[in-house]
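Examining the three-dimensional arrangement
Each chain, written out:
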Amino acid sequence: MSHTVYRLNVHLEGEGPQYFRRGAEDKVKAKIFEGNAKLSQLEMFMKQCLEESRQQISEIRNVTFAQLPETHWFNQKTNRWQKRKRERKIVGRLYPVLPNHTEKFALYQLLLYKKGPLGWDDLKTPPNSTTPCKTFVECAKLMGLLDDIEIWRRTLFEASNVGNPRTMRNLFAQILLLGYVADPLALWNEFLPHMYDTRNLRQNDEIERSRRINIALCLLNRLLGHHFTNNAFFHIPMPENYNAVCDDENEFFFGQNRALDGENESDPTLAEFPLQRRNDDAIETEDIGNYATLASYLRLNEEQKIVVDIVVRAMQSSPSDATTPRLVFMNGAGGTGKTFVYKTIIDMFIKYRRYVIMTASTGVAAQLLPRGMTVHKAFSIPLDVLDVNKIPSISGGSVMAQRIRKSEAIIIDEISMLHKNVLRMVNEACKNVEANNETRKLPFAGKVILLGGDFR
């Protein structure tokens, strides 16, 4: 018989998970503010190690956190680790931590190495020292548990010999997202001359140089934004005059950014996205009610036009208008033109500056939609969708929350491939990030929902 895997959660100080049933949020919140919240498995492990140290015994102090489940089990009722009465084939596994979460990743490495920690400060204290380090990263580096940035320096150096600024930024973003970099800012500054276009740049023209560097920071922030993070998370400067210059939200919803045209025209290899040349100021003053004259709409058949008409009427009406349906389902077999309807609606929304999030149940289906993504990525849906008590973990100030809050409509293709709990989670994600208390009471926070699929 194979070993049983005992999974253990890793978290920073004060970020331990709190489990509760739906409706008990206020009670748990009150306990947290009172300082009476339940200790996590990791916190209880350190507390029991401290108790053993005071009693001068060693039962769990001689094992690491990952080794603990081999001899002990966590009693949920008493909220303590208890010794097993009989031997069992069990192996402990810490939940993996991405290297780009530097402090948490350093804690993860320390927990794999250090036996019987007496507390958070003890985890930050290197061997043969009595003074704790300021951070887990500092301690892990002193103990040789974290690789230096030399490997990334060599990688970027080789790429700089053949790569242009666009490929260098792409590579740098991938390093930040998938690898561990002890000092991202130092690495960025070292290779900064390769991150922006230096052609036709006069040696003493610092104003133009600063402008190009600022655009490079914008484009790097955009790459990181696709993974719902930003420069600041890696201690890299945010672009100056960020909202006016970068306008990443405009790019996310409409796929263009006029502020970056200058660099894209001077270097075609830097064009992150195709730019649509048109009079945007004139378009923004148009009314979506003129959609019936669009060429793409005129190519629809009568049944397809019915779907588009319903969606447009919902967009024109108030979210509180109960007489206008805002939850729309489009059913049709393969080859009947569902994707063509989606693209027509998306083109319409882009033209009239209406905000829509395009999603699908699978990555293959999402690729068919302009700027499409999976539902799980767009709304941070957990992998386990069968648990009715789980809700999406979205911070109110995150990039993901801002985009959901700003969107007016949501398209979900291939809905027949999704579990019903996914729709419940999307509904809760929309409500949780909504700022208007009245709108929050409505299904999906009053957004227009277009579902499509084939249940045959």
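Nothing here was measured: the structure is a model prediction, and the numbers come from that model. (Residues numbered from 1 in each chain as written. Predicted model: local features only at pLDDT ≥ 70, side-chain atom pairs only at ≥ 80, totals over all residues. Heavy atoms only, no water.)

On to the sheet that holds strand β9 (residues 448-453), then. Strand pairing within a sheet occurs via backbone hydrogen bonds; the two strands may be parallel or antiparallel. Strand order in the open sheet formed by 5 strands is β5-β9-β8-β6-β7, and the pairing between neighbours is parallel. A single partner strand is all that each edge strand has here, and the edge strands are β5 (327-331) and β7 (373-374). Bridging between strand β8 (residues 409-413) and β9 involves 4 bridges; their strand directions are parallel. In the sheet register, Ala409 faces β9, and the bridge partner there is Val448. (Pairing = 2+ DSSP bridges. Helix = DSSP H or I, 4+ residues; strand = E, 2+ residues; numbered from the N terminus.)

On to the packing of helix α19 (residues 399-406) against helix α20 (residues 420-433). Put simply, α19 and α20 touch, their axes get as near as 9 Å, and they point 95 degrees apart. Taken together, α19 and α20 sit at an angle that is classed as roughly perpendicular. Note on element contacts: α20 touches α19 through Ala429, Cys430 and Val433, opposite Ala401, Ile404 and Arg405. Classifying every residue of the contact of α19 with α20 gives 5 nonpolar, no polar and 1 charged. (Axes fitted to C-alpha atoms, helices over the stretch in contact; angles between N-to-C directions. Parallel < 35°, antiparallel > 145°, perpendicular 65-115°, else oblique. Contact = heavy atoms within 4.5 Å. Nonpolar A, V, L, I, M, F, W, Y, C, P; charged D, E, K, R; others polar.)

The element β9 is extensively covered by neighbouring structure, given that 6 of its 6 residues are classed as buried. Of the two faces of β9, the one carrying Val448, Leu450 and Gly452 and the one carrying Ile449, Leu451 and Gly453 are both buried. Both β5 and β9 contribute to a ladder of 5 bridges, which runs parallel. Along β9, the bridge assignment pairs Met330 with Gly452. (Buried < 20%, exposed > 50% of the residue type's maximum accessible area, 1.4 Å probe, protein only.)

One non-glycine residue, Arg353, lies in positive phi territory at about 55 degrees. Within the secondary structure, Arg353 sits in the loop between α16 (338-351) and β6 (356-360). The exposure class assigned to Arg353 is buried, which follows from its relative accessible area of 12%. Despite not being glycine, Phe444 shows a phi value in the positive range, around 55 degrees. Checked against the element boundaries, Phe444 lands in the loop between α21 (437-440) and β9. Judged by relative accessible area, Phe444 falls into the buried class, the value being 10%.

Evaluated as defined, the whole model comprises 8 aromatic pairs. Ring plane angle 65 degrees and centroid distance 6.3 Å describe the contact between Trp120 and Phe136, whose orientation is recorded as edge-to-face. Of this pair, Trp120 sits in helix α4 (residues 120-123) while Phe136 sits in helix α5 (residues 136-142), and the two are 16 residues apart along the sequence. Ring geometry for Tyr291 against Tyr297: centres 5.1 Å apart, planes inclined by 85 degrees, an arrangement best described as edge-to-face. Each member of the pair, Tyr291 as well as Tyr297, is classed as buried. One aromatic cluster is present, built from ring pairs that chain together Tyr6, Phe74 and Trp81. The ring of Phe136 is capped by Lys124, whose NZ or CZ atom sits 5.0 Å from the centre of that ring. (Phe/Tyr/Trp six-rings, centres within 6.5 Å; stacked < 30°, edge-to-face > 60°. Lys NZ or Arg CZ within 6 Å of the ring centre and 35° of its normal.)

Next up on the list: the pattern of salt bridges. A complete count under the given rule lists 10 salt bridges for this structure. We note a salt bridge from Arg80 to Glu51, for which the minimum N-O separation is 3.0 Å. With Arg80 in strand β3 (residues 80-83) and Glu51 in helix α2 (residues 41-55), the pair connects residues that are 29 residues apart, well separated along the chain. Residue classification places Glu51 among the partly exposed residues on the basis of a relative accessible area of 24%. With a shortest N-O distance of 2.8 Å, Glu208 and Arg212 are connected by a salt bridge. Here Glu208 and its partner Arg212 are both found in helix α9 (residues 206-225), 4 residues apart, which amounts to about one turn of the helix. Each member of the pair, Glu208 as well as Arg212, carries the same accessibility label: buried. (Salt bridge = Lys/Arg side-chain N within 4 Å of Asp/Glu carboxyl O.)

In this fold, Glu43 is placed in helix α2. Lys47 provides the closest opposite charge to the buried, salt-bridge-free Glu43, at an N-O distance of 9.9 Å. Beyond its immediate stretch of four places on either side in the chain, Glu43 contacts His11, Gly14, Lys38 and Trp120. (Lys, Arg positive; Asp, Glu negative; His and termini not counted.)

Grouped together as the largest cluster of nonpolar side chains are 35 residues, with contacts concentrated most on Phe45, Phe65, Trp81, Leu94, Leu107, Leu111 and Phe136. Considering every element that reaches this core, the biggest residue donor is helix α3 (residues 102-113), with 6 residues. The residues contacting Leu107, other than those within four sequence positions of it, are Val10, His11, Leu12, Trp120, Leu123 and Phe136. Among the nonpolar cores identified, the runner-up in size contains 27 residues, and Val312, Ala314, Val448 and Leu450 belong to it. (Core = buried A, V, L, I, M, F, W, Y, C linked by side-chain atoms within 4.5 Å.)

This part takes up the confidence of the model for the protein. Across the protein, pLDDT averages 82, with 89% of residues at or above 70. Residue range residues 261-285 is modelled with pLDDT below 50. Its contacts to residues more than four positions away, or to other chains, number 53 contacts. (pLDDT = per-residue confidence, 0-100.)

What follows is about the packing of helix α7 (residues 165-178) against α9. Packed helices, taken two at a time, are described by the angle between their axes plus the distance between the axes. Between α7 and α9, whose axes approach to 10 Å, the crossing angle comes to 45 degrees. Taken together, α7 and α9 sit at an angle that is classed as oblique. Here α7 and α9 pass one another in a crossing that is right-handed. Residues Arg169, Asn170, Phe172, Ala173, Leu176 and Leu177 of α7 form the contact with α9, whose participating residues are Ala216, Leu219, Leu220, Leu223 and Leu224. (Left-handed = near helix turned anticlockwise from the far one by under 90°.)

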